[in-house]
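Residue strings, one per chain:
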Amino acid sequence: MESTVDPITVSVIQHRLRAIVEEMGEAMLRTSYSQILNSSRDFSTALCDPEGRLIAQAEHVPIHVGALPYAAKAVNDFFKGTIRPGDVYLLNDPYRGGNHLPDLTAFVPVFEGDRHVFWSINRSHQSDIGGATHGAYNAGATEIFQEGLRLPPLKLYDQGQRREDVHEMIVLNVRHPRDFRGDLAAMIGSARIGERRLGELIAEFGADVAHAAIEAVLDGAERQVRAVIAQWKDGVYEGEAFLDDDGHKYQDIHVRARVTKRGSDLEIDLTDSHPQVVGFVNSSFANTQSAIAVALAYLIDPDTPKNDGTFRPLKVKLKEGTVVWARPGAPVTLCTNHCAQEIMEAIIRALAPACPERVMAGWGRRFRIAIQGVDPRTARPFIWHLFQSRPGGGASVAGDGWPCGGEWQAAGGIKFGSIEVHEVRFPLYFRRHEFRPDSGGDGRYRGGPGAELEMVVETAEPAVGNTAGDGVKYPSCGMVGGKDGKPHSYWLESKGRPDRVLKTKETGVVLRPGDVLHAYSAGGGGWGDPAGRTKEERTRDVDLGLVTEAAAAAGRG
């Protein structure tokens, strides 16, 4: 293999790799069945090599991608020596490289002659994955077996032939088989596009040039990241973040980061984090590694590719039996949101003194509800996931936080989709959906506002809801002197009954026909001293309805 390749060819191949994973994502968006995928875009695409090195990824859901190398390696190790062209593999086990059980991953091997050289990968959050409750999130779970169907590395296609017994076994265990079949087919189709495009790239440039260019891309990303880290002041930095609770007996669950910066190296030590808890906020090893990678990705230049080279400066220390590395068997479904977001927050808080111009303030935390019922217009059952009323994004030196930008671990990668489309597809009426004034934290740059949602349930019979989230007690954190945002406030209005405050982690919430869900989401944290915000900016906030006159006057002092 050639040891060098000219920089123009390297750049062309780097952009081709990016185009491949983006095309995979477009195919998924246009062919998937479920609302959670074709509207909210809760999926990610990537390319890895057989050793699990991340070669390229699209800008979809950040928390997915850092875990994929562990999953790719798990599949490769399990089937090593038997992987053939036309095979398709599945995995969702969080203890073998998955994030959590709803995130099913499809792997298509890419061959160069008779040599396996890459994995083309699609990870997609399923609307349902079986288990004790609908919609995948079971706040009552005390072990992973109550959360859904658990798949180790599994061969679904053998040299182009689908293993029908395996396929039907999986489909039998989910609540909406039609949607699941369509979504799984879309995932595999997306990964096969990656397989074809990589084959075309190798054929066009030749194997030696293609592989040498990929190594140069990875090395180039490492150099770019090390150049950024080297500018920060050496030292040992500490940060801490808290979850409200685990939905069972634990409150104020801490994640503590001790970050040592020397030269261009970072050591992230999370060993002093809270012991493993009962509920589903525990994180799997791969999910925590991903959260750490996301935190670093938020501190480097945005145009630096995110691949194996990007994360080489990181050294990670974890302790098994803590909330950031649960022992096998613990429930973990909420971990992609919480405690992933708290891991990121603790690390970024720690590094704020070292690189204040690079840190973002905290983004709003996740608070979702999944509703199961029957649509009276069609008599068909449905499962609907709340992706509306997204919380606000955190502010930064670049400016105010994004309105309703979502949560930190997704950073705008998950969308809430068209309200009109949701009303057509589900028996729901969105009576009001608008920005929540005064929810963003004050600062030189203001946190993005959350939303105020009023949604009427238009079923003929009672439906059932499950909640999963955090952030009623602990709000989005301000940074570099900025103020915290407002926390969440969710409640259910039901005729003839007192309003019912919704907890962030509960199952079996009865929603009667005509009930109204009020979802007031958190605002993002502010960045910088509020005294630095100009009078003109505060006046504009009021004119846009993002801040009330009273709050603006208080900010002006």
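Residues numbered from 1 in each chain as written. Predicted model: local features only at pLDDT ≥ 70, side-chain atom pairs only at ≥ 80, totals over all residues. Heavy atoms only, no water.

Draft legend 1. A look at the environment of Ala106. Structurally, Ala106 is set in strand 4 (residues 103-112). Sequence spacing of Ala106 and Ile121 is 15 residues, and the spatial spacing of their C-alpha atoms is 5.7 Å. Once you skip the residues sitting within four places of it in the chain, Ala106 turns out to touch Tyr89, Leu90, Ser120, Ile121, Asn122, Met187 and Ile188. (Helix = DSSP H or I, 4+ residues; strand = E, 2+ residues; numbered from the N terminus. Contact = heavy atoms within 4.5 Å.)

Draft legend 2. Expanded view of the layout of surface pockets. If you add up the space inside the largest pocket, you get close to 1,100 Å³. Lining the largest pocket are 50 residues, with Glu59, Ala297, Tyr298, Pro302 and Lys306 sitting closest to its centre. Secondary-structure elements contributing two or more residues to the lining of the largest pocket are helix 1 (7-31), strand 2 (54-57), helix 3 (62-65) and helix 8 (285-297). In terms of residues, the lining of the largest pocket owes the most to one element, helix 1, which gives five residues. Counted by class, the lining of the largest pocket contains 28 nonpolar, 13 polar and nine charged residues. (1 Å grid on protein atoms, 1.4 Å probe; cavity = no way out; pocket = protein on both sides within 12 Å on 5 of 7 lines; lining within 4 Å. Points joined across faces, edges and corners; volume = space filled by probe spheres on them. Nonpolar A, V, L, I, M, F, W, Y, C, P; charged D, E, K, R; others polar.)

Draft legend 3. Broad picture of the pattern of salt bridges. Counting across every chain of the model gives 49 salt bridges. A salt bridge links Glu454 to Arg431, with the shortest nitrogen-to-oxygen separation between them at 3.2 Å. Here Glu454 is found in strand 15 (residues 451-457), whereas its partner Arg431 is found in strand 14 (residues 428-435), with 23 residues between them in sequence. Glu454 gets classed as buried once you look at its relative accessible area, which sits at 12%. Accessibility expressed as a relative area gives 41% for Arg431, which makes it partly exposed. With a shortest N-O distance of 3.7 Å, Asp515 and Arg497 are connected by a salt bridge. Here the residue Asp515 occupies a position in the loop between strand 19 (505-511) and strand 20 (516-520), and Arg497 occupies one in the loop between strand 17 (489-493) and strand 18 (500-501), the gap between them amounting to 18 residues. (Salt bridge = Lys/Arg side-chain N within 4 Å of Asp/Glu carboxyl O. Buried < 20%, exposed > 50% of the residue type's maximum accessible area, 1.4 Å probe, protein only.)

Draft legend 4. Spotlight on the packing of aromatic side chains. Across all of its chains, the model carries 13 aromatic pairs by this definition. Taking the centre distance of 5.1 Å and the plane angle of 55° together, the rings of Phe285 and Trp325 count as tilted. In this pair, Phe285 sits in helix 8 while Trp325 sits in the loop between strand 11 (314-317) and helix 9 (340-351), placing the two residues 40 residues apart along the sequence. By way of ring pairs, the aromatic residues Phe78, Phe79, Tyr89, Phe107 and Trp119 are connected into one cluster. (Phe/Tyr/Trp six-rings, centres within 6.5 Å; stacked < 30°, edge-to-face > 60°.)

Draft legend 5. Expanded view of the side chain of His134. Counting through the fold element by element, His134 comes out in the loop between strand 5 (115-125) and strand 6 (154-158). The buried category is assigned to His134, whose relative accessible area is 4%. At a separation of 3.4 Å, a polar atom in the side chain of His134 contacts the main-chain carbonyl oxygen of Val464. Engagement of the side chain of His134 in a polar contact is seen with the side chain of Asn466, the distance being 3.4 Å. When near neighbours in sequence (up to four residues on either side) are disregarded, His134 contacts Asp128, Arg175, Ala370, Ile371, Gln372, Ile383, Val464, Gly465 and Asn466. (Polar contact = N/O pair within 3.5 Å; in protein donor to acceptor, adjacent residues only side chain to side chain.)

Draft legend 6. Fine view of the domain arrangement of the chain. Considered domain by domain, the chain is made up of domain 1 (7-222) and domain 2 (360-557). With 25 residues of domain 1 at the interface, the matching set in domain 2 holds 30 residues. In total, domain 1 and domain 2 occlude about 2,000 Å² of area from one another, counting both sides; carbon and sulfur atoms represent 57% of this. Between the two partners, domain 1 and domain 2, sit zero salt bridges. There are ten residue pairs in polar contact (both at pLDDT 80 or more) connecting domain 1 and domain 2. Counting residues per element, the ones that place at least two in the side of domain 1 that touches domain 2 are helix 2 (35-38) and helix 3. For the side of domain 1 that touches domain 2, the leading source of residues is helix 2, giving three residues. (Domains from an automatic or database assignment. Buried area = accessible area lost by both parts, 1.4 Å probe.)

Draft legend 7. Examining the sheet that holds strand 16 (residues 463-469) more closely. Strand order in this open sheet of four strands is 13-12-16-19, and the pairing throughout is antiparallel. Two strands in the sheet have a free side with no partner beyond their single neighbour: strand 13 (380-385) and strand 19. Adjacent strand axes in the sheet meet at a mean angle of 15°, parallel and antiparallel pairs treated alike. Note: strand 12 (residues 367-375) against strand 13, six bridges, orientation antiparallel. Residue pairing in the sheet places Ala370 in a bridge with His385 of strand 13. (Pairing = 2+ DSSP bridges. Axes fitted to C-alpha atoms, helices over the stretch in contact; angles between N-to-C directions.)

Draft legend 8. How the structure looks around the state of the cysteines. Tallied over the entire structure, the rule returns zero disulfides. Summary of cysteine pairing: Cys48 is not part of a disulfide, and the nearest cysteine sulfur, belonging to Cys335, is at 19 Å. Cys48 sits in the buried class, given a relative accessible area of 0%. Left without a disulfide partner, Cys404 is nearest to the cysteine sulfur of Cys477, which lies 18 Å away. (Disulfide = S-S within 2.5 Å.)

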